[in-house]
Amino acid sequence: MGRAHSHAWRTAGSFFDLPRRPELAVLVGRDRERADALGAGFGWRKVSTDWRDVVARDDVDVVDICTPGDLHAEIAVAALEAGKHVLCEKPLANSVVEAETMTAAAEAAARRSGTVAMCGFSYRRTPALALARELLAAGALGEVRHVRAQYLQDWLVDPDAPMTWRLDAAKAGSGTLGDIGAHSIDTAQWLLGSPIRDVSAVLRTFVPTRPTLTEQVGLGGRGRVEGEREAVTVDDAAAFTARFATGALGVFEATRMATGRRNANRIEINGTLGSVAFDYERSNELEVYDATAPGPAGFRRVLATEPEHPYMSAWWPTGHGIGYEHGFTHQVVDLVRAIAGQGEVSPSFAEALQVQRVLDAVQRSAADESRLTSVALD
């Protein structure tokens, strides 16, 4: 995430006409040697290992939080109280209580000094998904009846994949549910413009212990296969049904155990007048079905690379796709514009708190034999 966010801050102003130009002031990391290397590679002016000192600096206007979840609340609240704008990676926190504290701090800071706080659900900024949002908002699908969302990865299939912070509830809050399931929840609620009201859920941990990590590589790494293993304290997979405030039925699945699926972030929405379907493994495409159109029935493939599609006028010629990193660039663009008063910040901490409450309801339902569980309301 540090690399993805650094790239975004560095490139946003080069492709988009921004009201303010981001400057890469200070990069903070726990490991000074690695932080120095990353800072030099992306052009950060300074590097530090103490986030508290950086939050207090006069030359820092925005604090971008890419830490494990157990540090989100402390850093965000301190930054907001210091008058900084905040971008915080998802999920917002490790608990509803922490997310409520962060949201209250964001709202107080906004009233006090006009600061902006955004949660980093970057998939919202994929042009094809943003196009789906436009279609839904325009009523093109009619009354939505079904939401079908899957997020499938396979980087934990090997039982000897090592223990990392994402498998430790104290640091991550939850496992697959919060790591990738949160994206599906946010995407679905954002597309429909409607919150989830209740859920019935199952969580599973297929591999209860993992080798101790010896070398971090990507999301995982290499571990000491021989010797004692560490206990996994989060879920490997989550599945739940959901009811939206509109009455639409949702079916959600998230797993890091789907052999062969690298990053299949999928959603399909069915309405009375049509449907849309999206899969991030074909991220430049949106499938659209218009039930009102004459002629043979069937989904049509929309390549979301036209200048009139969301964000695409700043990029390449029609038909030249964009990738994972561009969602983070679009995130910076929207944040900077919101800071300058050009549009509302979204997802706000309040929106991210709603996702946190759904995560909490899923966990409570799974712990109670999948009993139908209401999502807490304001």
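Heads up: the structure comes first, above all this text.
What counts and how
Residues numbered from 1 in each chain as written. Predicted model: local features only at pLDDT ≥ 70, side-chain atom pairs only at ≥ 80, totals over all residues. Heavy atoms only, no water. Pairing = 2+ DSSP bridges. Helix = DSSP H or I, 4+ residues; strand = E, 2+ residues; numbered from the N terminus. Buried < 20%, exposed > 50% of the residue type's maximum accessible area, 1.4 Å probe, protein only. Contact = heavy atoms within 4.5 Å. Axes fitted to C-alpha atoms, helices over the stretch in contact; angles between N-to-C directions. Expected span 1.5 Å × (residues − 1). Salt bridge = Lys/Arg side-chain N within 4 Å of Asp/Glu carboxyl O.

A. Structural view of the pairing of strand β14 (residues 285–290). Pairing between strand β13 (residues 274–279) and β14: 4 bridges, direction antiparallel. Looking at the pairing, Gly274 lines up with Asp290 of β14. The loop that links β13 with its antiparallel partner β14 comprises 5 residues. For β14 and strand β15 (residues 300–303), the ladder comprises 4 bridges, and the chain directions are antiparallel. Paired with Val288 across the strands is Arg300, a residue of β15.

B. Layout of helix α4 (residues 72–81). Counting buried positions over the 10 residues of α4 gives 7, a clear majority of the element. Those residues of α4 that sit buried are His72, Ala73, Ile75, Ala76, Val77, Ala79 and Leu80. The secondary structure elements touched by the buried residues of α4 are α3 (51–55), β3 (62–65), β4 (85–89), α5 (96–113), β5 (117–120) and α10 (349–367). Trailing α4 by a residue or two, Gly83 shows a phi angle of about 85 degrees, which is positive.

C. Quick peek at the sheet that holds β15. Taken in spatial order, the 9 strands make up an open sheet running β15-β14-β13-β12-β6-β11-β10-β7-β16, and their pairing is mixed. Each edge of the sheet is formed by a strand with only one pairing partner; in this case those strands are β15 and β16 (373–374). Running at roughly 25 degrees to β14, helix α6 (residues 127–137) makes contact with β6 (144–152), β12 (264–271), β13, β14 and β15 of the sheet. Along the sheet face, α10 touches β7 (196–204), β10 (237–244) and β16 and points at about 50 degrees away from the line of β7.

D. Molecular detail of the sheet that holds β4. Taken in spatial order, the 3 strands of this open sheet run β3-β4-β5, and their pairing is parallel. Two strands lie at the open edges of the sheet, namely β3 and β5, each paired on one side alone. Ignoring strand direction, the axes of neighbouring strands in this sheet form an average angle of 10 degrees. Pairing analysis gives 4 bridges linking β4 to β5, with the strands arranged parallel. Following the sheet pairing, Val86 is matched in β5 by Ala117.

E. How the structure looks around α10. With 19 residues, α10 extends 27 Å from end C-alpha to end C-alpha; this agrees with the ideal 27 Å at 1.5 Å per step. Residues of α10 that are buried include every one of Phe349, Ala352, Leu353, Gln354, Val355, Gln356, Arg357, Val358, Leu359, Ala361, Val362 and Ser365, and no others. Immediately downstream of α10, the backbone of Glu369 shows phi near 55 degrees, a positive value.

F. Molecular detail of the pattern of salt bridges. Evaluation of the coordinates by the stated rule reveals 23 salt bridges. In this structure, the salt-bridge partner of Arg243 is Asp198, at a minimum N-O distance of 2.4 Å. Here Arg243, found in strand β10, pairs with Asp198, found in strand β7; they are 45 residues apart in sequence, far enough to count as distant. Residue class for Asp198 comes out buried when judged on its relative accessible area of 6%. Notably, a salt bridge pairs Arg282 with Glu287, separated by 3.9 Å at the nearest N-O pair. Residue Arg282 is classed as partly exposed on the basis of its relative accessible area of 42%. For Glu287, a relative accessible area of 31% gives the class partly exposed.

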